[in-house]
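One letter stands for each residue in the lines below.
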Amino acid sequence: MSGYTPDEMMSIAAARELRDGILCFVGIGLPSEAANLARRTHAPGCMLIYESGTLGAKPDVLPLSIGDGVLAEKADSVVSVPEIFNYWLQAGRIDVGFLGAAQIDRYGNLNTTVIGDYRTPRVRLPGAGGAPEIAASAKEVIVILRHKRRAFVERLDFITSVGHYMGGESRRELGYPGEGPSAVITDLGVLRPDPETKELTLTALHPGASVDRVREETGWELKVSGELEVTEPPTERELAVLRELRAATREAAKEAAG
């Protein structure tokens, strides 16, 4: 099948990672798009939770922020932020945390704080929000971001959310209850942690991508699986649902802007 973009392939591949019936703590942006796509296709029973307090959110359009009213309109329930974190997340009830980032390193640690020196940054990013708690306490974490050398770095400018920390058993030694990142989905392929070292390894290429391209866009010496797979292309239904969701979101944004 042809006629889709790398961004569409990325969102669809990320959506496929979500299983039906799970509790998913969702970040805004690319994670929200992929999670809502999953709910509209193969995982209708996937319960989406946002840190603003919405349980079972079913937005008709993608939220612009965690405080967007569309999240509450059709949610199963709206609770306080302390309840979201204390009862749902920190108590180990969240199956998957779905996050984005500005930078990621070879062990899946994430930066959403600053680019450059912390005291005099070149760019000040949106910040941590609930991401550090999600990364620490969700049973597993899925990360989605575009594969660029400026994002896949040898050393983070700031560790906002801990992934597998320094590899091996170092995350467990910190006392974090969750298992950390299980997959990193990009517009070029899929990376998963090595079972022993926890270093991110390229396990699948999206159609049209190459190992050389992925290595070129990675700031460290990327390891490649000996059983490298090729991602299944998007189905007609996946593409149609994704495009409808994006179109509805654009239309809602235009109406809101007046």
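Residues numbered from 1 in each chain as written. Predicted model: local features only at pLDDT ≥ 70, side-chain atom pairs only at ≥ 80, totals over all residues. Heavy atoms only, no water.

## Topic: the pattern of salt bridges
Argument step 1. Following the criterion strictly, the structure yields 15 salt bridges and no others.
Argument step 2. Close ionic contact of Arg243 with Glu8 constitutes a salt bridge, the shortest N to O distance being 2.8 Å. Placement of the pair is Arg243 in helix α8 (residues 236–257) and Glu8 in helix α1 (residues 6–16), with a sequence separation of 235 residues.
Argument step 3. In this structure Glu8 comes out as buried when scored by relative accessible area, which is 6%.
Argument step 4. Between Arg106 and Glu199 there is a salt bridge, with the nearest N and O atoms lying 3.2 Å from each other. Placement of Arg106 in the loop between β6 (103–104) and β7 (110–111) and of Glu199 in the loop between β12 (189–193) and β13 (200–205) is noted, with a sequence separation of 93 residues between them.
Argument step 5. Residue class for Glu199 comes out buried when judged on its relative accessible area of 6%.
Argument step 6. Residues participating in the shared-partner salt-bridge network are Arg106, Glu154, Glu199 and Lys223. (Salt bridge = Lys/Arg side-chain N within 4 Å of Asp/Glu carboxyl O. Helix = DSSP H or I, 4+ residues; strand = E, 2+ residues; numbered from the N terminus. Buried < 20%, exposed > 50% of the residue type's maximum accessible area, 1.4 Å probe, protein only.)

## Observations regarding the packing of aromatic side chains
When we look at a pair of aromatic rings, we describe it by the centre distance and by the angle of the planes.
Argument step 1. Tallying each qualifying case throughout the model produces 4 aromatic pairs.
Argument step 2. Between Phe25 and Phe85, the ring centres sit 5.9 Å apart and the planes meet at 50 degrees, which makes this aromatic pair tilted. Of the two residues, Phe25 is situated in strand β1 (residues 23–26) and Phe85 in helix α4 (residues 81–89); the sequence distance between them amounts to 60 residues.
Argument step 3. The class of Phe25 is buried, set by a relative accessible area of 0%.
Argument step 4. Across the ring face of Tyr87, the terminal group of Arg93 is positioned such that the distance to the ring centre comes to 3.8 Å. (Phe/Tyr/Trp six-rings, centres within 6.5 Å; stacked < 30°, edge-to-face > 60°. Lys NZ or Arg CZ within 6 Å of the ring centre and 35° of its normal.)

## With respect to the sheet that holds strand β2 (residues 47–50)
Argument step 1. Across the sheet, 10 strands lie side by side as β4-β3-β2-β1-β5-β10-β11-β12-β13-β14; this open sheet has mixed pairing. Edge positions in the sheet fall to β4 (77–78) and β14 (223–230), since each of these pairs with one other strand and no more.
Argument step 2. Taken together, the 4 bridges between strand β5 (residues 96–99) and strand β10 (residues 140–144) define a ladder with parallel strand orientation. Directly across from Val96, in β10, lies its bridge partner Glu140.
Argument step 3. Sitting on the sheet, helix α2 (residues 30–40) is in contact with β1, β2, β5 and β10, with an inclination near 155 degrees to β2. (Pairing = 2+ DSSP bridges. Contact = heavy atoms within 4.5 Å. Axes fitted to C-alpha atoms, helices over the stretch in contact; angles between N-to-C directions.)

## Description of the pairing of β13
Argument step 1. For β13, a buried count of 6 out of 6 residues is recorded, marking the element as mostly surrounded by other parts of the structure.
Argument step 2. Where β12 and β13 come together, 5 bridges link them in antiparallel fashion. Opposite Arg192, over in β13, you have Thr201 as the bridge partner.
Argument step 3. As consecutive antiparallel partners, β12 and β13 are separated by 6 residues, and within that stretch Lys198 has a phi angle of approximately 70 degrees, a positive value.
Argument step 4. Where β13 lies against β14, 4 bridges are found, and the strand directions are parallel. Across the sheet, Leu205 pairs through a bridge with Val230, a residue of β14.
Argument step 5. For the handedness criterion, the β-α-β arrangement of β13, helix α7 (residues 211–216) and β14 is classed as right-handed. (Right-handed = clockwise from strand over helix to strand, strands pointing away.)

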